[in-house]
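Observations on the model geometry
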Amino acid sequence: MTTHVSTFEFFSSQNSSTSSLGPQSTRSVALDSVRINSNGISDPIRQPLIPLSAYNPPSSESGVPGKLFVGSVTNTNDGNVAGIAVSGQRNWHVNGRLFDNNNRRPIDRNPAASAGRNAPDLVLWFDGPAESAFREDGDLENAHGEILYAYSQANPYQTLCHFSEFEEEPPNSSSDATEVVTRLAQQLASPPVEYVLGELNTGQAVIALDCNFAGIAPEDSVYVEPGDIGGAGPDQMPTSVLENTASAFRFHPSVFLRRTQFIRSVARRHRDGFDIARFGVGMPIRIRSVTDQPIVSNWLIVVDGSPQLVQLNHGSLDLRRPRDIWNTLWVPLIRGNSSIGDVPILDVVASGGTRGPSNSQLRLGFLEYARCLPLLGTDITQTGTVPA
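Everything in this summary refers to the structure shown in the same document. (Residues numbered from 1 in each chain as written. Predicted model: local features only at pLDDT ≥ 70, side-chain atom pairs only at ≥ 80, totals over all residues. Heavy atoms only, no water.)

Attention now moves to the overall build of the protein. Along the backbone of the protein there are five helices and 23 strands. Burial statistics for the protein: of 388 residues in total, 54% are counted as buried. Across the protein, every contact between residues at least 6 apart in sequence was considered, and the portion connecting residues at least 24 apart equals 73%. (Helix = DSSP H or I, 4+ residues; strand = E, 2+ residues; numbered from the N terminus. Buried < 20%, exposed > 50% of the residue type's maximum accessible area, 1.4 Å probe, protein only. Contact = heavy atoms within 4.5 Å.)

What follows is the structure, given as structure tokens:
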């Protein structure tokens, strides 16, 4: 039996038909001074505010969700060279001429093992004649421009309500997810009022309050405190990929579901073909250690079927794990509890835009989906991720 991480979405009878945040929408992201190293590989390029959920592996040409890059590349000769790249092609348009990229995709998945293998961010890649055309006898420095993101038909997400969970094979298989989908549907149909994430060595249960179900982030990442790395406890992240277990990752969800009686179906959209403890094929799930105390966190929430992006102000509280942000800030807001005061909820996409009073204006008693968007930190590389 092997354990696989898969990404799911659910369909609710409360789904809004007027959302402008649809997953198939093309999203434009501005890039400024993205560094390019001596191997012709850029630093990871920015993702949209709602980062991409797990998508198809690199063997699928259509699986890379960066569709188009339009911009310029600077070099040490103070050159500013215009470039256009299209996902799936193997060349660059440089100053209006087409140059081969040594049969390498110019927009590709981040090759770092710590980026995870299921939803890594993207990099720009320069090689062969295309790289020479950009260099103009100098070294590549930075890329500037716009990149367009969109899921391909190989990644048929239809809603914004995604989460990742684990499945066992057998009974599931690459083509048949009946058991795990049925299990999830039954869990959501008859949910607990508090969701148990796991039990510590002391016997103490770790609970997500006022929550029917919790899953890990659909970008197949977990966000942990530095002390959560080491593998000594059931809630800690192992330093070796060979010691990965589903139960350890389940302690660190980023997605919290409520009012699940309105969920009418669950669909598996992406499956990792390798066991989560497989040697030599990269990390199944990105592990990010949140090394600095976040002042704010960004969230995608769905309230009575209406999705919105909001920013939650943590004040002086040191909250680094999504489960702690959920229990400490969101749950009192949902319950209308004044114990934390009127925590400011801000618009992510409008500077200075404040929502409030937060719990009444947003009608958080009707909140059904909350996803903590990526927190800043240091990505951990587990041993055993690449062949020795």
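Within this model, the largest pocket holds a volume of roughly 730 Å³. Lining the largest pocket are 31 residues, and of these R288, L373, P374, L375 and L376 lie nearest its centre. Breaking the lining of the largest pocket down by element, the ones donating at least two residues are strand 14 (221-224), strand 17 (286-289) and strand 18 (296-303). Looking at which element gives the most residues to the lining of the largest pocket, the answer is strand 18, with three residues. Taken together, the residues of the lining of the largest pocket sort by class into 17 nonpolar, eight polar and six charged. (1 Å grid on protein atoms, 1.4 Å probe; cavity = no way out; pocket = protein on both sides within 12 Å on 5 of 7 lines; lining within 4 Å. Points joined across faces, edges and corners; volume = space filled by probe spheres on them. Nonpolar A, V, L, I, M, F, W, Y, C, P; charged D, E, K, R; others polar.)

Let's shift gears to the sheet that holds strand 2 (residues 27-35). The strand order 2-9-3-4-5-6 describes an open sheet built from six strands, whose pairing is antiparallel. Both edges of this open sheet fall to strand 2 and strand 6 (97-100), since each of them pairs with a single strand only. On average, adjacent strands in this sheet sit at an angle of 25° to one another, irrespective of strand direction. As paired strands, strand 3 (residues 66-75) and strand 4 (residues 80-86) are joined by seven bridges and run antiparallel to one another. Within strand 4, the residue paired with S72 across the bridge is A82. (Pairing = 2+ DSSP bridges. Axes fitted to C-alpha atoms, helices over the stretch in contact; angles between N-to-C directions.)

Before going further, it helps to examine the pairing of strand 5 (residues 91-94). As paired strands, strand 4 and strand 5 are joined by two bridges and run antiparallel to one another. Within strand 5, the residue paired with I84 across the bridge is H93. Linking two consecutive strands that pair antiparallel, namely strand 4 and strand 5, is a turn of four residues; a positive phi of about 90° is found at G88 within it. As judged from the four bridges shared by strand 5 and strand 6, these two strands associate in the antiparallel manner. Bridging from a neighbouring strand, W92 pairs with F99 of strand 6. Following strand 5, the chain reverses through two residues before pairing antiparallel with strand 6; N95 in that reversal takes a positive phi of roughly 50°.

Here D100 is to be found in strand 6. Relative accessible area serves as the criterion here: at 39%, D100 is assigned to the partly exposed category. In this structure the C-alpha to C-alpha distance between D100 and Q89, which are eleven residues apart in sequence, comes to 9.4 Å. Ignoring any residue separated from it by four or fewer positions in sequence, one finds D100 in contact with R90, N91, D127, G128, P129 and A130. Within polar-contact distance, the side chain of D100 engages the backbone nitrogen of N102 at 2.8 Å. (Polar contact = N/O pair within 3.5 Å; in protein donor to acceptor, adjacent residues only side chain to side chain.)

Let us look at the sheet that holds strand 10 (residues 162-169). Spatially, three strands are ordered 10-1-16 in an open sheet, and the strand pairing comes out antiparallel. With one partner strand each, in any of the chains shown, strand 10 and strand 16 (263-271) form the two edges of the open sheet. Across the sheet, the mean angle from the axis of one strand to that of its neighbour is 40°, orientation sign disregarded. Pairing between strand 1 (residues 2-12) and strand 16: seven bridges, direction antiparallel. Pairing of T7 across the sheet is with H270, part of strand 16.

Let us now look at helix 1 (residues 128-135). What helix 1 keeps buried is the set A130, E131, A133, F134 and R135. On its buried face, helix 1 sits against strand 3, strand 4, strand 5, strand 6 and strand 9 (140-149). Once helix 1 ends, the next one or two residues include E136, with phi positive near 50°.

Residues V81, G83 and A85 line the buried face of strand 4, whereas the alternating positions N80, A82, I84 and V86 sit on a face that is not buried. Here strand 3 folds back onto strand 4 in antiparallel fashion, the turn holding four residues, of which D78 has a positive phi close to 60°.

Attention now moves to the environment of I107. Summarising the element assignment, I107 is placed in strand 7 (residues 107-109). Considered as a pair, I107 and P65 are 42 residues apart in the sequence and their alpha carbons are 9.0 Å apart. Apart from residues lying up to four places away in sequence, I107 is in contact with V64, G66, K67, L68, F69, A85, V86, S87, L122, V123, L124 and I147.

Ranked by size, the top nonpolar core spans 51 residues in total, and within it L257, W299, I301, W326, W330 and L364 carry the most contacts. With residues up to four places along the chain from it excluded, the contact list for L257 reads F10, F163, L188, C211, N212, F213, I263, E368 and Y369. Counting 30 residues, the second largest nonpolar core, distinct from the first, contains L52, V73, V94 and L122. (Core = buried A, V, L, I, M, F, W, Y, C linked by side-chain atoms within 4.5 Å.)

Let us look at the environment of F10. If you trace the backbone, F10 turns up in strand 1. Distance from F10 to A267, taken between C-alpha atoms, is 6.2 Å for residues 257 residues apart in sequence.

Here we take up empty space enclosed by the protein. Counted according to the given criterion, the structure contains two cavities of 30 Å³ or more. Taken as a whole, the largest cavity encloses approximately 50 Å³ of empty space. The wall of the largest cavity is formed by E165, Y195, L197, A214, G215, I216, R250 and P253. Of all elements in the fold, only strand 11 (195-199) and strand 13 (213-215) reach the threshold of two or more residues within the lining of the largest cavity. Split by residue class, the lining of the largest cavity holds five nonpolar, one polar and two charged. One number sums up the size of the second largest cavity: a volume of about 40 Å³. In this structure, the second largest cavity is lined by P23, R27, I50, S53, Y151, L160, H162 and R371. Residue classes in the lining of the second largest cavity are distributed as four nonpolar, two polar and two charged.

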